[in-house]
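Notes for the structure review
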Amino acid sequence: METLRPQLLVELGTHTGFSYFSFCQAVQQLRLPTRCYAVDTWEGDEHAGFYGEEVFATVNAINEEHYKSFSQLMRSRFDQALPYFPDNEIDLLHIDGRHGYDDVLEDFTTWQPKLSDRAVVLFHDTNVRERDFGVWKLWRELSTQYPSFEFFHCHGLGVLGVGADLPEGLRTLFASGPEEAAAVRATYSALGSAVSRSAHNNHLHSELHRIDHRANQLQHEAEHLKTALEQSRTHGAQLENETAHLRDIIAEQQIQIEAGNELRLTIAERGAAILTLRNELTSEREEAAAKLVTIHRQLEQQSAVCIALTERLSLIESSTFWRAGEPLRRSLRWIPTGIRRNARRAAKAAWWTITPHRMPERLRFLRARRAVRTSLDGDIKFLSGTVTSHNENVTDAASNNIIVSGSSNSYNEWIAAHDSLTASDRSKILEDIRNLEYKPFISIVVPAYNTSELALRSMITSVQSQLYPYWELCIADDASSVPYIEKMLKEFSSADTRIKWLKREKNGHICAASNSALTLATGEFVGLLDHDDILSERALYEVAVALNKNPSADIIYSDEDKIDEFGRRYDPYFKPDFSYDLLLGHNLINHFGVYRRRIIEEIGGFREGYEGSQDYDLALRAVEYSGPDKVLHIPAILYHWRQERAGSSFSQSQLDKCVSAARKAVQEALDRTSATGRNNGRKAVVEANPFVPSWSRVKWDTPSPPPLVSIIIPTRDRSDLLENCVEGLLHQTSYTQFEILIIDNDSVEQRTHDLLERYQKNDRIQIIPIGGEFNYSALNNAAARMANGEILLLLNNDTQVIHSDWLSEMVSLITRDDVGIVGAKLLYADGRVQHAGVKLGAGSFEEGPGVAGHFGHLRSRMDIGYYGQYGLTRDLSAVTGACLAIRKSVYDEVGGLDEVNLKVAFNDVDLCLRVRDAGYRVLWTPFVELFHLESVSRGLDITEEKRARFAREARWMLERWGKKLASDPFQNINFDVDALSFRKN
């Protein structure tokens, strides 16, 4: 240090700071003008071991106390710290962080431009050859290229003179002969040993001092014990006298005990009888309660039917026709009852005869009415004391009743067929729960305020009805002004110890109340439930099963539907598996959301100021903390979200505030992402979605400088299509950093040759002639090898630009770190949708499932689809290659398109699946629209040869990707696999 007198010193890998603080001590004692920097993550690695926060805390405390005037700790990776140091400035670089050959070589190479012309580099561990240490190997190579000197003692230290203008003392050291070098090494080895011995002696002195201090303590304790022993002897004599007295008492009590044992046996026998009776009564009470719940639901449904019929009757009676017929009805009352009954039957028979198309509906109604009557009769008998077994009748009746009374027969029929449990189902679930290896304890958190009595009772009952028993219900009453809430919560909590509650002193709104409820939670996981909503009876069971299959999951969400004030279910949201971009567009997680409690606590719970979208804000922060791979979707309706006509809930009555809070939460999530350096720190802005203003659209900045895009267009004749496509690129596209590669596959028309000759003169266009059979994959792969851009855009020649910003949008998405492919919304010439993403397994092939099809096919351009699936940017399994953006590095990584097995069909789907397997996401955006005439220049697969080729490629896809094609994660399993829209199965 004294010889070099460095102006700037950097150490890569500091750990406990032994070497770094030696440098700092030298700077301090020699009064050198040196600025010192220690770069480390202080998390450890496989060589040094991994360690906790306490190591950094100790190093930081030493630095702050002794050296902070000239020393700075930089907590980052080595590559992240590079931009902080100017080139040609570092005089002394100590590399002691990573120890593998490739790692140390990378560190030396990347930091070499930062070294000054006086620079010296120190390599630690040059003498270690165990495990996968490779410093010695790199040192052996570098020491032949630069002046160097190596110390052999301990782990070894290499001194490398990298600069051209080294101090004289160092040049002398590097030029020393064998004897001089040996003397230097021996001197420093002896000094090192002396320092070690001194440190060891200091340690021994400290230990000796500690032992002396402990010996004095033990001597005092011995004297204290001696005094205590004398006192114990005196006390022992007293105890002997008391013992004799106690023996006499024990003898008397022994006689009483023998008599008590006989009484105890009698009590035990009676207790066993009482316990048996209690179990029998409990079982009967549970069965009665289940029956009562069933009857209550049926009565609610029948009440809804009655209300609807009453409204219809009121309309009929107030009609002009009904009033005009009053005289006739009065005259008919004089006709005998029997004659009137027979006349009605004859009229009904005549009406049924002339309207045969309505017979299926009439038969369903009659069966449902008969089943309901049978069920209600059985329940009344059960409640009156006649025990009968009719669980199956109850289920059938409830299912059929749902079909009759529901406002949407399609969904009610689905509920009856797929979402209604029988007694047998419940028995199997209970048996499955007993056999679960892992039984997570789940806390249901509920903020409550002035809830209607019926809704609050229904919510609590839905939790108590859970088939999975390992739960607790945590309710925070947010200073409700209605008295019955406190009374009801006391009633439920006294009867069921799993129900906890507290009352806040003053109203703080939903975020504060939710945080209060969280203080009651002790479960490993927390489920969020609103005070007037209802859980499916199997909700917690499904969560537990999902966690047994995926124990590392931190966030679980399910499908959901809505329920009106009459208990009728409607508007189901069958969700896809997790998509981060879809979450940015709207609250995909929402209901039923379950979070690992530790995560909620570490991110600070609910944030006040986000009322109305507090769950959304929590979900965004939790996903950011845990990562998308820890989010799990359960494709089942587990949550019923109450929606009232009066719109009394906050989300109904204060929609603008909810939307504002949601947009604020999304923007802050994007800002945090930018601040942490993801996507190279690029910013993004959230704005109202143009299709549904209450949802969001995220606009990402394009990189600066903008990357070059290579647009690859295969073509064969049809110069009119090609010219239309290319002119749109050249003159209607606002993003200008692109080149066009046109692959001419045996065009024969003179107009096409003339057009290509004209384009050949344009500096931004390459014409690549490739003859032979049409092999879409091979044509694109050949062009990709000749492309100069960082981004490849595969584009059909029959596409046409609509909006000038289309390519800017594609580039802004494809340049995000985790995105591998981006697809667009393609339209036919008449404005109907041709492609809104690819659905795996759609259609059929050879009497089996198909390979793939297009979402949204033939839908209206402005159709937002099921829950915005055509109006929101989202993850998909695949997109069409007619307009597909991919980074060239990713294209090369996965090997491009398969030109051997998939020459024409499905090569884009195969590419997308391989990109997803490589760890990248496939995005589809509705904000890039192009017209697409779909393979006009190539023609349709109508010849026998083309049909045979298509069949071969389809079979290859089914063999290669069969399991994935059968289970598209972004198409809910409750949808029809053959449908190209979102249609319930």
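Below is a summary of the structure that appears in this document.

Procedures and definitions
- Residues numbered from 1 in each chain as written.
- Predicted model: local features only at pLDDT ≥ 70, side-chain atom pairs only at ≥ 80, totals over all residues.
- Heavy atoms only, no water.
- Phe/Tyr/Trp six-rings, centres within 6.5 Å; stacked < 30°, edge-to-face > 60°.
- Lys NZ or Arg CZ within 6 Å of the ring centre and 35° of its normal.
- Pairing = 2+ DSSP bridges.
- Helix = DSSP H or I, 4+ residues; strand = E, 2+ residues; numbered from the N terminus.
- Axes fitted to C-alpha atoms, helices over the stretch in contact; angles between N-to-C directions.
- Contact = heavy atoms within 4.5 Å.
- Parallel < 35°, antiparallel > 145°, perpendicular 65-115°, else oblique.
- Nonpolar A, V, L, I, M, F, W, Y, C, P; charged D, E, K, R; others polar.
- Buried < 20%, exposed > 50% of the residue type's maximum accessible area, 1.4 Å probe, protein only.
- Lys, Arg positive; Asp, Glu negative; His and termini not counted.
- Salt bridge = Lys/Arg side-chain N within 4 Å of Asp/Glu carboxyl O.
- Core = buried A, V, L, I, M, F, W, Y, C linked by side-chain atoms within 4.5 Å.

A few points about the packing of aromatic side chains
Following the criterion strictly, the structure yields 22 aromatic pairs and no others. Through a chain of ring-to-ring contacts, the aromatic side chains of Tyr 411, Trp 414, Tyr 573, Phe 574, Tyr 866, Tyr 867 and Phe 975 assemble into a single cluster. The side chain of Lys 664 reaches across the aromatic face of Tyr 610, ending 4.6 Å from its centre. Cation over ring: Arg 874 sits above Phe 855, and NZ or CZ is 5.3 Å from the ring centre.

Digging into the sheet that holds strand 6 (residues 90–95)
The sheet built from 7 strands is open, its strands ordered 5-2-1-6-7-9-8 with mixed pairing. Edge positions in the sheet fall to strand 5 (71–75) and strand 8 (148–151), since each has one partner strand and no second. Neighbour to neighbour, the strand axes of the sheet diverge by 15 degrees on average, direction disregarded. Strand direction decides the pairing type here: strand 1 (residues 8–12) and strand 2 (residues 35–40), joined by 5 bridges, are parallel. Residue Val 10 lies in a different strand from strand 2, and its bridge partner there is Tyr 37. Sitting on the sheet, helix 4 (residues 101–111) touches strand 1, strand 6, strand 7 (115–124) and strand 9 (157–161), and the angle it makes with strand 6 is about 170 degrees. Along the sheet, helix 5 (residues 135–142) makes contact with strand 7, strand 8 and strand 9, crossing strand 7 at roughly 140 degrees.

Structural notes on the packing of helix 1 (residues 18–30) against helix 2 (residues 53–66)
Packed helices, taken two at a time, are described by the angle their axes make and the gap between the axes. Packing of helix 1 against helix 2 brings their axes to within 12 Å, and their N-to-C directions diverge by 0 degrees. Relative to helix 2, the element helix 1 lies roughly parallel. Contact with helix 1, carried on its side by Tyr 20, Phe 21 and Gln 28, involves Val 59, Ile 62, Asn 63 and His 66 of helix 2 and no other residues of that element. Of the residues in the contact of helix 1 with helix 2, the class split is 4 nonpolar, 3 polar and no charged.

Side note on the side chain of Asp 532
Residue placement: Asp 532 occurs in the loop between strand 13 (525–528) and strand 14 (534–535). With no salt bridge to any partner, buried Asp 532 finds its closest opposite charge in Arg 642, at an N-O distance of 5.0 Å. What Asp 532 contacts, discounting residues up to four positions off in sequence, is Thr 451, Ala 455 and Arg 642.

Regarding the pattern of salt bridges
What the rule picks out here adds up to 51 salt bridges. For Glu 53, the salt bridge identified is with Arg 75, shortest N-O distance 2.6 Å. Here Glu 53 is found in helix 2, whereas its partner Arg 75 is found in strand 5, with 22 residues between them in sequence. Salt-bridge contacts for Arg 171 lead to Glu 168; the nearest nitrogen and oxygen are separated by 2.5 Å. Here Glu 168 and Arg 171 lie together in helix 6 (residues 168–175), a separation of 3 residues that amounts to about one turn. We classify Arg 171 as partly exposed; its relative accessible area is 40%. Taken together, the shared-partner salt bridges connect Asp 419, Arg 538, Glu 542, Asp 561 and Arg 569 into one network.

Structural notes on the nonpolar core
Of all hydrophobic cores here, the largest spans 90 residues; its most connected members are Trp 806 and Leu 807. The residues touching Leu 807, leaving out its near neighbours within four places in the chain, are Val 709, Ile 711, Thr 733, Tyr 735, Phe 738 and Leu 793. In terms of nonpolar packing, the next biggest core, distinct from the first, is built from 47 residues, Ala 783, Val 838, Val 851 and Trp 924 among them.

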